[in-house]
Structure formats: structure tokens, C-alpha cells
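# Coordinate inspection notes
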Amino acid sequence: MGEMGKMAAAVGSMATLAAEPGEDAFRKLFRFYRQSRPGTIDLGGVIDFSVAHAARGTGPGAHKVVKSHLNVSSVSDDDAYRAGLQPVSKWRAYGLQGYPGFIFIPNPFLPGYQWHWVKQCLKLYSQKPNVCNLDKHMTKEETQDLWEQSKEFLRYKEVNKRRPRSLLEKLRWVTLGYHYNWDNKKYSADHYTPFPSDLAFLSEQVAAACGFQGFRAEAGILNYYRLDSTLGIHVDKSELDHSKPLLSFSFGQSAIFLLGGLKRDEAPTPMFMHSGDIMVMSGFSRLLNHAVPRVLPSPEGESLPCCLETPLPADLPRDSVVEPCSVEDWQVCASYLKTARVNMTVRQVLAIGQDFPLEPMEENKRDIITEGSCHLDDENSQVKRARLNPDC
């Protein structure tokens, strides 16, 4: 079947879905892709920026794809190298008609350098004083070092598939810098820990390449997806400065990302996110509805994307923010990522010279860490998807 035939079949399949009472256009497509299966016609309309025909405008949905221009001179090759990135002149960057300010950069990382960022998400960023979903049910002592408590379970995962899940496999989110409060959907001055310097440097280079010199990485939300995880429909609007971009970095198994409009009754555009891909939401696109309805298992069974098979070079630049990764550490990371993906989103919260508004004393005293409704949801979760909050 040709590309146009595939698209027509996919659209026809979507049209047969009955809308639930009160269901909007975004929710209907979210449900459609959540129920889709890899290798079926259902995915024929999903844009794939990693393949050449998307840029030429011949693939599914590619009529929307346009080239994006980057500020090549704003990031030196040395600074890109320090962050584990190719020179900006070698990046491919795309936008979508109807979504000004949206930039998609298919995997610009140097071969092997994704290893560092995966290891940081699993081994370092998950540690205290950073905050995670497990804090709601466990003491700080119990969640002090999730990596150490989980690494042996993960290293021998294939040997004993019926074992209980490790703490790392129960991890759903981690917050960095200004810690997002899932209860009141706010950041505050008194709930802050130092933002990781390596991730700040990476984010600054990507932001500068996209025209945002002076970007400050002040808050991060890391999402840890299993194959049955979804990210509900939401808008990232809690930051006080919306003039700065939202940066998103993906690692591990591929997923479907839905980018919608300002309102939920606008049908979203579906696209694949593969390991190493970076998305930038700025300007008009900064406050659009978006979601992740589906994580896609590897077509080869439990295996890594090919871009993660290349080892991190042993000879790193002296001033690199990237650190070596031992064989033992990567065994744990690889075991985890065979059935998972990790996403890092980085935001600037405050404008230069801006302060948080004063809150009532009762509000400041609250430090509630609850599992909010606009982050990850699993198939076996008791949280009903119908209750996902669109205003997160």
C-alpha cells in the first residue's frame, strides 16, 4: 500500500472510533493512539522527523513539515562538544505549519554521548535532595539512593523476569531546581535545590542554537516511562516567564507525542519521539496542549535503539560536562531502557529580576509531594485517565 493509501486507511480507522460522551478532539486522538499497536496501519499518519522524506514533504503528515533555521554562530563547536552534541551546523531542525515556535531536532548527540544523560537520569538526578514520586510513600532514608538499591535487580533482569520491580522501575518523576508542587501546581522560592550544572549547560547550548541566548535552566521535570505509561493532556503554564522556551530531551524507547492547540477541541498533530530527539516549545507553541499517549516497544523485542549501542568514548574532552560511564553502570542503564524511556524537560521559571509573588503563610508552610494528575499514568494505575487535569 502506498503512503497516501496508508494515510487514508489510518484516517478511516480513526473515524470508526466512537466518541465518548463529552470527549473532545484531542481526547479522542489520545485514546486512539493509546490503543494503537506498533506495526499496524494505525501509525501511518504519525510524522517521523528522523527519516529523510519528512524533510522533502513526501511522508505521512509531512505537508506540515518545514525547515527551521538555527543560530549556528551562537554555539561554538567546542561548547557543543563539551555537552556531547554535534556542531550546530550539522543539526537538522524542523518546524510545523500552524505551530510557530515549535522546533524539532532529530538526535543531534554525538555517538555514545546519550549514555551520560541516561546514566545521570537514573543514577544521579534520582538522588536526594531532588524530589520524586516515591517520597509520598517512603522516608528520605528509603529513597536516598535508588540506584544502589536497584542496580543488582536490573543487571540480572533477564535471568529473573518474575522478580518484584526495583525502586528505579517504580520511579515515575523527579523534579530538579525549583521543585514543581503537584498539589498547587506552583513553584516557590523555598522549595529549591541546586540545578545540575551539566544539564544546565546542555540546555543553554540548545536554547542558544534556537535563538534564546541567556536562557537559564531553573527547573526540571524528569518523567520515567514504562511501556504502559502515558502522559496526560496538559499545558505547561506554571512558570512565571512564558517568553522562554520549554526544552524536552528523550532517551530510550520511542513514543508518540501529540501537539495540539490552545483548546482541547483542536485535533493534535502526532509525531514520533526517538532516542536523542530534542523538542523546543516557544512563542505561540509554548502554551499548547500536548500529551504522550503511547510508548512503543522495540520491534526486535526487548532491545535498545541502535543509537544507544555505540559506547561513550573513553577519551572525553578535558572540559567536557560529560563524565565517563563504566561498563557496569551501562549494563544497568541498558537493562532499564530495553522496556522504558526517560524524558527530561527543562524550563526557566523567572524572568531576569523577577521574584515569586508573596503567598499566604499557610501556603508557604505546605510542602506536599503528591502524584499530580498531569504526569505519568500507567495502565494498572488506579488513577482514572478521565480525571487528567488539562490545566497542569
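The residue numbering used here restarts from 1 in each chain and proceeds along that chain's sequence as written. Only residues with pLDDT of at least 70 are given local features in this predicted model, and only at 80 or more are side-chain atom pairs given and counted; all residues enter the totals for whole chains, interfaces and linings. Hydrogens and water molecules were not included; the side-chain quantities draw on all heavy atoms of the structure.

It is worth spelling out the packing of aromatic side chains at this point. Each Phe, Tyr or Trp ring (for Trp, its six-membered ring) is paired with any other whose centre lies within 6.5 Å, and the angle between the two planes then decides the class: stacked below 30 degrees, edge-to-face above 60, tilted in between. In this structure the tally under the stated criterion is eleven aromatic pairs. Here the aromatic rings of Phe49 and Phe104 are separated by 4.3 Å at their centres, their planes lie at 20°, and the arrangement is stacked. You can see Phe49 sitting in the loop between helix H2 (25-34) and helix H3 (52-56) and its partner Phe104 sitting in strand E3 (residues 102-105), a full 55 residues away along the chain. Exposure remark for Phe49: the relative accessible area of 1% places this residue in the buried category. For the ring pair Tyr178 and Phe356, a centre distance of 5.0 Å and an interplane angle of 75° mean the geometry is edge-to-face. With Tyr178 in the loop between strand E5 (173-177) and helix H8 (197-209) and Phe356 in the loop between strand E13 (340-347) and helix H10 (361-365), the pair connects residues that are 178 residues apart, well separated along the chain. The exposure classification of Tyr178 matches that of Phe356, with both residues buried. By way of ring pairs, the aromatic residues Trp173, Tyr180, Trp182 and Tyr187 are connected into one cluster. The ring of Phe30 carries Arg27 above its face, with NZ or CZ at 5.0 Å from the centroid. A ring is scored as having a charge over it whenever the NZ atom of a lysine or the CZ atom of an arginine sits within 6 Å of its centre and within 35 degrees of its normal. Taking NZ or CZ as reference, Arg341 lies 4.5 Å from the ring centre of Tyr225, over its face. Secondary structure elements follow DSSP: runs of H or I no shorter than four residues count as helices, runs of E no shorter than two count as strands, and numbering proceeds from the N terminus. For each residue, the accessible area found with a 1.4 Å probe, counting protein chains only, is set against the maximum for its type, and the residue is called buried under 20%, exposed over 50%, and partly exposed in between.

Time to look at the packing of helix H5 (residues 114-124) against helix H9 (residues 327-337). Viewed as axis vectors pointing N to C, H5 and H9 meet at an angle of 85°, and their least axial separation amounts to 10 Å. By the angle between their axes, H5 is roughly perpendicular relative to H9. Residues Trp115, Val118, Lys119, Leu122 and Lys123 of H5 touch H9, and the partners they reach there are Asp329, Trp330, Cys333, Tyr336 and Leu337. The residue inventory of the contact of H5 with H9, partitioned by class, reads seven nonpolar, no polar and three charged. Lines fitted to the C-alpha atoms define the axes, with helices restricted to the stretch that makes contact. Angles between their N-to-C directions range from 0 to 180 degrees. Small angles under 35 degrees read as roughly parallel and large ones over 145 as roughly antiparallel, with 65 to 115 read as roughly perpendicular and the rest as oblique. Contact between two residues is taken to exist if any of their heavy atoms lie within 4.5 Å; hydrogens are not considered. Residue classes follow a fixed rule: Ala, Val, Leu, Ile, Met, Phe, Trp, Tyr, Cys and Pro count as nonpolar, while Asp, Glu, Lys and Arg count as charged, and any other residue, Gly among them, counts as polar.

A few words on the pairing of E13. A regular strand places its side chains so that they alternate between the two faces of the sheet. The buried count for E13 comes to eight of eight residues, which makes it a mostly enclosed element. With burial as the criterion, each face of E13 is covered, one bearing Ala340, Val342, Met344 and Val346 and the other bearing Arg341, Asn343, Thr345 and Arg347. Here the rule is simple: two strands pair whenever DSSP picks up at least two bridges between them. Bridging between strand E6 (residues 219-226) and E13 involves eight bridges; their strand directions are antiparallel. Looking at E13, one finds that Arg226 is bridged to Ala340.

Residue Pro129 is reached from Lys128 by a cis peptide bond, and omega for that bond is 15°. As for its position among the elements, Pro129 is in the loop between H5 and strand E4 (131-132). Positive phi is not limited to glycine here, since Lys185 has a value of about 60°. If you trace the backbone, Lys185 turns up in the loop between E5 and H8. Lys185 sits in the partly exposed class, given a relative accessible area of 24%.

Looking at the element boundaries, Gln120 is found in helix H5. For Gln120, a relative accessible area of 3% translates into the label buried.

Describing two packed helices takes the angle between their axes plus the distance from one axis to the other. Look at H5 against H8: their axes get within 11 Å of each other, and the N-to-C directions meet at 135°. The orientation of H5 relative to H8 falls into the category oblique. Crossing of H5 over H8 shows left-handed handedness. Two secondary-structure elements touch here, H5 through His116, Trp117 and Gln120 and H8 through Asp198, Leu199 and Leu202. Two helices cross in a left-handed way if the nearer one is turned anticlockwise from the farther one by less than a right angle. They cross in a right-handed way if the turn is clockwise.

What follows concerns the nonpolar core. Core analysis: the biggest nonpolar cluster contains 66 residues, and Leu202, Phe249, Trp330 and Met344 have the highest contact counts within it. Residue contributions to this core peak at eight residues, all from H8. Sequence-distant contacts of Leu202, defined by excluding residues within four places in its chain, comprise Ala83, Leu85, Phe109, Trp117, Phe249 and Met344. Each nonpolar core is a collection of buried residues, namely Ala, Val, Leu, Ile, Met, Phe, Trp, Tyr and Cys, held together in the definition by side-chain atoms within 4.5 Å. Ranked by size, the runner-up nonpolar core spans 21 residues in total, among them Val65, Phe104, Leu246 and Met273.

Criterion for a salt bridge: a side-chain nitrogen of Lys or Arg within 4 Å of a carboxyl oxygen of Asp or Glu. Within this structure, the stated rule accounts for 13 salt bridges. The shortest N-O distance in the salt bridge between Lys128 and Asp135 comes to 3.1 Å. The pair Lys128 / Asp135 is uniform in exposure class, with both members buried. With its nearest N and O atoms 3.1 Å apart, the salt bridge here joins Glu218 to Arg216. The class for Glu218 is buried, based on a relative accessible area of 10%. One network of salt bridges, with partners in common, ties together Asp236, Glu239, Arg286 and Arg347.

Residues of the chain with pLDDT of at least 70 account for 80%, and the chain-wide mean is 85. pLDDT is defined as a per-residue confidence score from the predictor, taking values between 0 and 100. The low-confidence segment residues 362-373 (pLDDT under 50) makes 27 contacts with residues lying over four places distant or belonging to another chain. Per-residue pLDDT stays below 50 along residues 381-392; that stretch engages in 34 contacts with residues further than four places along the chain or on separate chains.

Attention shifts here to the pairing of strand E7 (residues 229-234). With six of six residues buried, E7 is to be regarded as a mostly interior element. One ladder, built from two bridges, connects E7 with strand E12 (residues 290-295); its direction is antiparallel. Residue pairing in the sheet places His234 in a bridge with His290 of E12.

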